[in-house]
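What follows is each chain in one-letter form.
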Amino acid sequence: MDMTESPNSQGIGNSVAATSSSSSPASPTPSRYEAQKRRDWNTFGQYLRNHRPPLSLARCSGAHVLEFLRYLDQFGKTKVHTHMCPFYGHPTPPAPCPCPLRQAWGSLDALIGRLRAAYEENGGKPEVNPFGARAIRLYLREVREMQAKARGISYEKKRRKKPLLTAPGTSAAQEHDEHDPHPSTTSAN
Ligand SMILES: [Zn+2]
């Protein structure tokens, strides 16, 4: 038998692969990001105007931004279990619990990024950008860690075993999370 097959017969060339797929990454669409950024900036401006005592953007510090982030938690939709909750660390709890809803870490992180950019686009100097404050980076890291643990998500898969530094005496801050039980007694007159 003669198995002579021309080696080129199946030449599905790589040369003609990508013709009509996306070519340029710089799309001129007025992006969702821009719209969101403007909305965030307005929200922050509103927050400043309603602030007691009044607060101007020029006087706004990283501490004020942190205050803003904590204020936003009341509108959060991410359940973050407290240490006392039996579902602490469960990604999919089998029953409801009274733990508070918070802003997800990812939302806060993205928000800060947008506000940081908006601040400079609105004439703020990068050196004094309150959204770039170190305290905020630390806060976000803390939130990420806390939420990852509370929900049982391991975000540190990439890293090797990291020794958990549990200082003997850090429990005081956690009592903060205690809940005021509101027994919903059905008032039947
Ligand atoms: Zn819970």
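What counts, and at which threshold
Residues numbered from 1 in each chain as written. Predicted model: local features only at pLDDT ≥ 70, side-chain atom pairs only at ≥ 80, totals over all residues. Helix = DSSP H or I, 4+ residues; strand = E, 2+ residues; numbered from the N terminus. Contact = placed C-beta atoms within 7 Å. Expected span 1.5 Å × (residues − 1). Buried ≥ 20, exposed ≤ 12 C-beta atoms within 10 Å, placed from the backbone. Arc of directions from axis to C-beta. Core = buried A, V, L, I, M, F, W, Y, C linked by C-beta atoms within 7 Å. Axes fitted to C-alpha atoms, helices over the stretch in contact; angles between N-to-C directions. Parallel < 35°, antiparallel > 145°, perpendicular 65-115°, else oblique. Left-handed = near helix turned anticlockwise from the far one by under 90°. pLDDT = per-residue confidence, 0-100. Nonpolar A, V, L, I, M, F, W, Y, C, P; charged D, E, K, R; others polar.

S.K.: Looking at this model, I keep getting lost on the overall build of the protein. Mind explaining?
M.R.: Scanning the protein for helices and strands turns up 4 helices and 2 strands. Secondary structure elements of the protein, listed N to C terminal, follow the sequence α-α-β-β-α-α. Restricting to contacts in the protein with at least 6 residues of sequence separation, those with at least 24 account for 66%.

S.K.: Would you take a moment to explain helix 4 (residues 134-151) for this structure?
M.R.: Residues separated by three or four positions in an α-helix point in the same direction, a consequence of the helix having 3.6 residues per turn. The end-to-end C-alpha separation of helix 4 is 26 Å, in line with the 26 Å expected for 18 residues at 1.5 Å each. Along helix 4, the residues that are buried comprise Ile136, Val143, Gln147 and Ala150. One side of helix 4 carries all its buried residues, which in axial view fall inside an arc of 65°. What points out from helix 4, more than 90 degrees from its buried face, is the exposed set Arg134, Leu138, Arg141 and Glu142. On its buried face, helix 4 is in contact with helix 2 (62-72) and helix 3 (105-121). Phi for Gly152, located one or two positions after helix 4, is positive at around 75°.

S.K.: Would you mind going over the nonpolar core with me for this structure?
M.R.: Note that soluble globular proteins tend to have their nonpolar side chains buried in a common cluster. Val65, Leu108, Ile112, Leu115 and Phe131 are the most contacted members of the largest nonpolar core, which has 14 residues in total. Of all elements in the fold, only helix 2, helix 3 and helix 4 reach the threshold of two or more residues within this core. When near neighbours in sequence (up to four residues on either side) are disregarded, Ile112 contacts Phe131, Ile136 and Leu140.

S.K.: Explain the packing of helix 3 against helix 4 to me, please; I cannot follow it from the model alone.
M.R.: Geometrically, a packed helix pair is captured by the angle between its two axes and the distance between the axes. The contact between helix 3 and helix 4 brings their axes to 9 Å, and the two run at 160°. Of the possible angle classes, the one that applies to helix 3 and helix 4 is roughly antiparallel. For helix 3 against helix 4, the interelement crossing comes out left-handed. Contacts between helix 3 and helix 4 involve Trp105, Leu108, Asp109 and Ile112 on the former and, on the latter, Ile136, Leu140, Val143, Arg144 and Gln147.

S.K.: Just to check I follow, could you spell out the confidence of the model for the protein for this structure?
M.R.: Regions with low pLDDT carry predicted coordinates that are not meant to be interpreted in detail. Here the protein averages 77 in pLDDT, and 65% of its residues register 70 or above. For the protein, per-element mean pLDDT is lowest for strand 1 (residues 78-79), which scores 90, and highest for helix 3, which scores 97. Scored below 50 in pLDDT, residues 3-24 makes 0 contacts in the model with residues more than four places away or belonging to other chains. Overall, residues 167-189 carries pLDDT values under 50, and its contacts beyond four positions in sequence, including any with other chains, amount to 4 contacts.

S.K.: Before we go on, may I ask you to explain unusual backbone geometry in this structure?
M.R.: A negative phi holds for most residues other than glycine; trans holds for most peptide bonds. Between Arg52 and the following residue, Pro53, the backbone shows a cis peptide bond with an omega angle of -10°. Mapping Pro53 onto the fold places it in the loop between helix 1 (32-50) and helix 2.

S.K.: Even after reading the chapter, I still don't get the environment of Pro100, so can you show me in this structure?
M.R.: The residue Pro100 is located in the loop between strand 1 and strand 2 (101-102) in this model. On the neighbour-count criterion, Pro100 (14 C-beta atoms within 10 Å) is partly exposed. Expressed as a C-alpha distance, the spacing of Pro100 and Asp73, which sit 27 residues apart in the sequence, is 9.1 Å.

S.K.: Which parts of the structure should I look at to understand the environment of Cys60?
M.R.: Its place among the elements puts Cys60 in the loop between helix 1 and helix 2. Each C-alpha atom, one on Cys60 and one on Val128, is 9.4 Å from the other, the two residues being 68 residues apart in sequence.

S.K.: Sorry if this is basic, but what is going on with the packing of helix 1 against helix 3 here?
M.R.: One way to put it is that helix 1 packs onto helix 3 with a least axis distance of 9 Å and a crossing angle of 80°. Overall, the two elements helix 1 and helix 3 adopt an arrangement that is roughly perpendicular. Within the contact between the two elements, helix 1 uses Gln36, Lys37, Asp40, Trp41 and Phe44 and helix 3 uses Leu111, Arg114, Leu115, Ala117 and Ala118. Here the contact of helix 1 with helix 3 is composed, by residue class, of 6 nonpolar, 1 polar and 3 charged.

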